[in-house]
Amino acid sequence: ERVGLMGMLSRPLVGPAVPWTPVISLDTPGTLAVTYATQWGEYYRIGNLILAYFNISTSVFTVGTGTGNILISGLPFAAKAVTSGSWSGSFSILSGITKASYTQFQPRIIQNTQIIRVSASGSGQAGTNVATADLGSPQTYQGSITYPVA
């Protein structure tokens, strides 16, 4: 079917916003205890491309016996694998993290999963992930990530 310009403009380019629930965890959660003040997410799908937004605030974050890196799970679809690099996004608000000599933080999806890691970088510093030793309480993660589905 051929559709003229006016026909294309009358069709929605993006589907409606769909809710998803972001969940904070660790590589090994152990007895991690999280109480959420805010826990919201929504995404849009354009073909095989996902635009996901999230806003998470904790009122209580107790690591307990948990170890490893901070994770945000619950994305609606697994991310496509890439041969080098990863799919990343940005934070508009990030608080409750203290990592000396690191000034930039971004959400990065672990390939072939529905899980985000929080990555850190800084001048003269090797890139790394935010781990339990870097976390305080309360925390806020507000941002977005765009990625193709697997």
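These figures come from a predicted structure and were not determined experimentally. (Residues numbered from 1 in each chain as written. Predicted model: local features only at pLDDT ≥ 70, side-chain atom pairs only at ≥ 80, totals over all residues. Heavy atoms only, no water.)

(A) Molecular detail of the environment of Thr 98. Position of Thr 98 among the secondary structure elements: in the loop between strand S6 (89-97) and strand S7 (104-109). On the basis of relative accessibility, which here comes to 64%, the residue Thr 98 falls in the exposed class. Along the chain, Thr 98 and Ile 56 lie 42 residues apart, while their C-alpha atoms are 17 Å from each other. (Helix = DSSP H or I, 4+ residues; strand = E, 2+ residues; numbered from the N terminus. Buried < 20%, exposed > 50% of the residue type's maximum accessible area, 1.4 Å probe, protein only.)

(B) Local environment of the pattern of salt bridges. According to the stated counting rule, one finds two salt bridges in the structure shown. Across the pair Asp 27 and Arg 117 runs a salt bridge whose closest N-O atoms are separated by 2.9 Å. Placement of Asp 27 in strand S2 (residues 23-28) and of Arg 117 in strand S8 (residues 115-122) is noted, with a sequence separation of 90 residues between them. Residue Lys 99 is joined to Asp 134 by a salt bridge in which the shortest nitrogen-to-oxygen separation is 2.9 Å. Of the two residues, Lys 99 sits in the loop between S6 and S7 while Asp 134 sits in the loop between strand S9 (125-129) and strand S10 (135-148), which places them 35 residues apart along the sequence. (Salt bridge = Lys/Arg side-chain N within 4 Å of Asp/Glu carboxyl O.)

(C) Spotlight on the side chain of Ser 25. Structurally, the position occupied by Ser 25 is in strand S2. Sequence-distant contacts of Ser 25, defined by excluding residues within four places in its chain, comprise Leu 32, Asn 69, Ile 70 and Leu 71. (Contact = heavy atoms within 4.5 Å.)

(D) Structural detail: the nonpolar core. Core analysis: the largest hydrophobic core is formed by 28 residues, its most contacted members being Ile 70, Leu 75, Leu 135 and Tyr 141. Elements represented by at least two residues in this core include exactly S2, strand S4 (49-62), strand S5 (67-73), S6, S8 and S10. The greatest single-element share of this core, amounting to five residues, is contributed by S4. Sequence-distant contacts of Leu 75, defined by excluding residues within four places in its chain, comprise Trp 20, Ala 52, Ile 109, Gln 114, Ile 115, Ile 116, Ile 145 and Tyr 147. (Core = buried A, V, L, I, M, F, W, Y, C linked by side-chain atoms within 4.5 Å.)

The values reported here are purely geometric and, on their own, carry no functional implication.
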